[in-house]
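Observations on chain architecture
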Amino acid sequence: MAGAARTSGDRAGDSRGVGRALLLPRPLLPFLVLGLVAAPGTRAAGYETCPTVQPDMLNVHLLAHTHDDVGWIKTVDQYYYGVYNNLQHAGVEYILDSVISALRADPSRRFVYVEMAFFSRWWHQQTNETQEAVRELVRQGRLEFANGGWVMNDEAATHYGAIVDQMTLGLRFLQDTFGDDGRPRVAWHIDPFGHSREQASLFAQMGFDGFFLGRVDYQDKELRKQKQEMEQVWRGSASLQPPTADLFTGILPNNYNPPKDLCWDVLCADKPIVDDPESPEYNAKQVVHYFLDVATAQRRFYRTNHTVMTMGSDFQYENAHMWFKNLDKLIRLVNAEQQANGSRVHVLYSTPACYLWELNKANLTWSLKEDDYFPYSDGPHQFWTGYFSSRPALKRYERVSYNFLQVCKQLEALAGPAANVGPYGSGDSAPLEEAMAVLQHHDAVSGTSRQLVANDYARLLAAGWRPGQVLLSNALARLSGSKEAFSICPELNISVCPLSQTSARFQVAIYNPLARKVDRMVRLPVSAGAFLVKDPSGHAVPSDVLLLPQPEGQKPSPELLFSASVPALGFSIYSVARVSLQNPKARSPEPIPKKSRTGVLVIQNEYIRATFNPETGLLMQIEDLEQKLVLPVSQAFFWYNASTGDEKSDQASGAYIFRPYGLKPLPVSRWAQIRVLKTPLVQEVHQNFSAWCSQVVRLYRGQRHLELEWTVGPIPVGDKWGKEVISRFDTPLDTKGYFYTDSNGREILKRRRNYRPTWNLNQTEPVAGNYYPVNTRIYITDGKKQLTVLTDRSQGGSSLQDGSLELMVHRRLLLDDNRGVGEPLLEEGSGSWVRGRHLVLLDAVGTAAAGHRLLVEKEVLAPQVVLAPGGGGGAPYQPGTARLTEFSGLCRELPPSVHLLTLARWGPETLLLRLEHQFASGEDSGRNFSSPVTLDLQNLFSTFTITHLQETTLAANQPQASASRLKWTPDTGPVPNPSVPALGLAAITLQPMEIRTFVASVQWKEDGGTCREVALQA
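Residues numbered from 1 in each chain as written. Predicted model: local features only at pLDDT ≥ 70, side-chain atom pairs only at ≥ 80, totals over all residues. Heavy atoms only, no water.

1. Considerations on the nonpolar core
Judged by nonpolar contacts, the single largest core of 254 residues is most densely connected at F119, L143 and Y317. Per element, the largest residue contribution to this core is twelve residues, and it comes from helix 14 (residues 451-480). Not counting chain neighbours up to four residues away, the residues in contact with L143 comprise I100, L103, F111, Y113, F119, V134, L137 and V138. One finds F506, L560, F562 and Y574 within the second-largest nonpolar core, a separate group that totals 22 residues. (Core = buried A, V, L, I, M, F, W, Y, C linked by side-chain atoms within 4.5 Å. Buried < 20%, exposed > 50% of the residue type's maximum accessible area, 1.4 Å probe, protein only. Helix = DSSP H or I, 4+ residues; strand = E, 2+ residues; numbered from the N terminus. Contact = heavy atoms within 4.5 Å.)

Written as structure tokens, this is what we have:
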């Protein structure tokens, strides 16, 4: 988005869009450094290539840059090729052409580029001569890459695993293309709308030396300017030992735009510098004096004799010569003529890394930040908290695609090359990996693009799934030894699966991407009748057929339900056969008319009892039978009337902004029509609140949480009122204004109503100003009991009253919020009707972390269900191959506190492996899950042997042993030098919240998956 424009109009430099997946050939070697002959006098890129500064002057670092949204108003392809410039003038390939030409024309010029989704595409279209010239510019430090991810990701609606993946993709491209010369030293998030603490932690673990932000809350920024705290050390983790997650962080003075009246792009209307005194348009002296005034004023807010100006914005530099010619004049006029007249200002072409280097050399102590930058507001009634929930269907599609991508990458690793080329054709995870990387862009998963672009993002994901499904089939055939007609059913959430609905016999292969065994209820739509389900050993397992009510006049829709057990990092194949066309035991939800309800309604299993109010049909109490905990809980749906502006402000609710009209939401209904279903495997209460809002409250056998499956939409707006729909839980817990939300799915942050930890908040929007991003969970506690709600996608959430907790599930708005999108969030088409799940946990405080952390892991990486017709009579994968109905890629499970974050192919004989401690320090007092854990990787995997292990930084672009970061001293005192843990295959130790990343050389076993003792070499 456009930097300045988004403050009270467009997002400054705003331009966003989506396009086709950007496919790159997979590099073969990790840490490939290209051996190039350096031109005479050049040096390797890094801080040593930075320009000379004047120690006794104010040095103004000019950062020539462009901000290129990977989709927003236009799609990715439309932005790259400059299509539909009537919507927004933007053509990235012309920007890069022009910039490279301008840099080659003058050796003093420098430029900053960020988005590898665009740059990699442009790079592969260049001649060898141009590529070599660009390599030389990079080697000289004159073309600097900042951030270096595939995109500049959003920080609110993104899951940490997807952030790590997209950064790894972009940084690997740079490492393989430019070697260490191209490695970004600085993280650069100039446009995301608020900043998460986990993002800082991840960047620090990736090896960045510093981090520059564009957008922070207007109240926060004003106070920081007064206190000279625009630059500080941000501590990104409460668990990791400093400085592991410490990151120097600077707030840019003008979001990411040039100072007012100093924009010399074809997209700007500011006057160029006319330095001919004979011209009637002569303005050089006036411009220079104004520039010096701006620089001097800006200096007051920062602590060193260095300040920075971002000279560029959204999709600028399509005519780079125009920008650079004016900057050349400015530098010459200030440095030559003004300094001759006694000026103490020195202007230079610089880069974010070179500016950071000067700050580091100042050797100051810096204030310490330990919270985050949410929520973001750019004015009194302008809280950017709506996008936490915008486009919930796209947010869910992205989360499901992350799940599927990890399955694909694991199977590529476990099956080896056979996954990519096999009986079903060529399969590959790369297209989905690149599509998922695009979806992390701060106008993609955020839901803040135009509808046309949101549709294209979904198209990208769908295109990425197709080669992933081929890969999946190839890998399952290789690992099971049998070639079946495998298929997946992407519409199971709406009970559609043609294969299971039309087949009398079929197989259900369930793949578990977790490093521990998983028990899971499988639900499949089937034809009418009775069914026999057998496990991998051929034993019958309990099953039910449920008859789900359909619209009037249609027959009930049967669903088969059975419980499956799946080994770690492996699959189980169940067989299903219809044994009768009739099924007298099939159950359907029984309606309970309001008049005939007597006594309480209860559903329960071994662990949980949920009680419903017989008058209203609403949930009223949850009990944990094992822990003997009881909590009155009322849950219902409400909607906020979206503001269209009022006497205080003309700000309306929109894709970015949440601004309700009034503080109290309206109930969708004060009571629900209900039906009750009880079978040996499941008990359900079906609640119907209105024609557009319903819910199923569900308890499966053996389940330790309550599942609420909600369906909302299409939201009616015929009354001309935009609506923002929430699910609210009300309890008597005395929470004293506090609640807790996760940060990108990892660490938990404590929130307090109407409060900010670092400044005295003037709260102007008591609802929207208390909303925070909820990536996977939100909870409230009174110090004894804890109520946790898990989400299946990113949503906005809050606690606006003690004991209350709410999550926004859907929104449909009639006005644009004037931040550049230029259309209202109407969510027409497939995104208008949304189904999702909230998982509710009641726990004692000391054991709550184990409950929610292990359950989140199971939901984010849920088992993948794959179907095949018939009874398992497929051809052998190879002659004589035995058919396996159960397989595990691990010879032993990992302990509960360890999460296998990444297992993926890296090169022809290498894999990328990330192991994560998924508990925070001091978090679990029940089962010691917050303690360090040591793993033995020897003989851990069944299909391959690790022959060599190299530890790397988090994004796998630097060997850990040689990685080093600039040192910064917080005002709380010096921090110890980080120690590099010893590397031995038999003893990999993980501290709480630590992620360790390895490139493993492997040999795949000829006989598939066997576990034998093999000597390994560190």
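2. Looking at the packing of helix 4 (residues 116-123) against helix 6 (residues 160-178)
Interhelical geometry of helix 4 versus helix 6 gives an angle of 35° and a closest axis separation of 10 Å. Crossing hand, helix 4 versus helix 6: left-handed. Facing helix 4, whose interface residues are M116, F119, S120 and W123, helix 6 presents G170, F173, L174, T177 and F178. (Axes fitted to C-alpha atoms, helices over the stretch in contact; angles between N-to-C directions. Left-handed = near helix turned anticlockwise from the far one by under 90°.)

3. Some words on the pattern of salt bridges
According to the stated counting rule, one finds 52 salt bridges in the structure shown. With a shortest N-O distance of 4.0 Å, R109 and D106 are connected by a salt bridge. Where E132 meets R135, a salt bridge forms, and the shortest distance between an N and an O atom there is 3.7 Å. Taken together, the residues span about one helical turn, with E132 and R135 both in helix 5 (residues 128-139) at a distance of three residues. Judged by its relative accessible area of 30%, E132 is partly exposed. Among the charged side chains, a salt-bridge network with shared partners connects R520, R523, E559, E684, R698, E707, E709, R837 and E859. (Salt bridge = Lys/Arg side-chain N within 4 Å of Asp/Glu carboxyl O.)

4. A short note on the side chain of R837
Within the secondary structure layout, R837 lies in strand 39 (residues 834-844). R837 gets classed as buried once you look at its relative accessible area, which sits at 18%.

5. Regarding the sheet that holds strand 1 (residues 58-64)
Ordered in space as 8-1-9, the three strands form an open sheet in which the pairing is parallel. Edge positions in the sheet fall to strand 8 (306-311) and strand 9 (345-349), since each of these pairs with one other strand and no more. Each neighbouring strand pair of the sheet contributes to a mean axis angle of 25°, computed without reference to strand direction. With five bridges joining them, strand 1 and strand 9 adopt parallel strand pairing. Among the inter-strand pairings, L58 is bridged to a residue of strand 9, identified as V345. (Pairing = 2+ DSSP bridges.)

6. Some remarks on helix 8 (residues 218-227)
Side chains that are three or four residues apart share a direction in an α-helix, a result of its 3.6 residues per turn. Residues Q219, D220, K221, R224 and K225 constitute the buried set of helix 8. Where helix 8 is buried, its residues meet strand 6 (231-235), strand 7 (246-251) and strand 11 (368-369). Two or three places before Q219, at the opening of helix 8, D217 has a side-chain oxygen 2.8 Å from that residue's backbone nitrogen. Looking one or two residues past helix 8, Q228 carries a phi angle of roughly 55°, positive in sign. (Polar contact = N/O pair within 3.5 Å; in protein donor to acceptor, adjacent residues only side chain to side chain.)

7. Details of the pairing of strand 24 (residues 619-624)
Bridge count between strand 23 (residues 608-612) and strand 24: five bridges; the pairing is antiparallel. Bridged to I608 within strand 24 is D624. With antiparallel pairing between neighbouring strands as the criterion, strand 23 and strand 24 make up a hairpin whose turn holds six residues, including G617 at a positive phi of roughly 80°. Where strand 24 and strand 25 (residues 629-641) come together, five bridges link them in antiparallel fashion. Pairing of I622 across the sheet is with L631, part of strand 25.

8. Here we look at the packing of aromatic side chains
Evaluation of the coordinates by the stated rule reveals 46 aromatic pairs. The interplanar angle of 65° and the centroid separation of 6.3 Å between the aromatic rings of F119 and F173 together place this pair among those described as edge-to-face. Taken as a pair, F119 in helix 4 and F173 in helix 6 lie far apart in primary sequence, 54 residues in all. You'll find F119 and F173 in the same group, each marked buried. Ring centres of F571 and F887 lie 5.4 Å apart, and the angle between their planes is 25°; this geometry places the pair in the stacked category. With a gap of 316 residues between them, F571 in strand 20 (residues 570-580) and F887 in strand 42 (residues 886-888) connect regions that are remote in the sequence. F887 matches F571 in its accessibility class, with the two residues each being buried. Within the aromatic cluster, the residues linked to one another by ring pairs are Y113, F119, W122, W123, F145, F173 and F178. A cation sits over an aromatic face here: R752 above Y755, 4.2 Å from the ring centre. (Phe/Tyr/Trp six-rings, centres within 6.5 Å; stacked < 30°, edge-to-face > 60°. Lys NZ or Arg CZ within 6 Å of the ring centre and 35° of its normal.)

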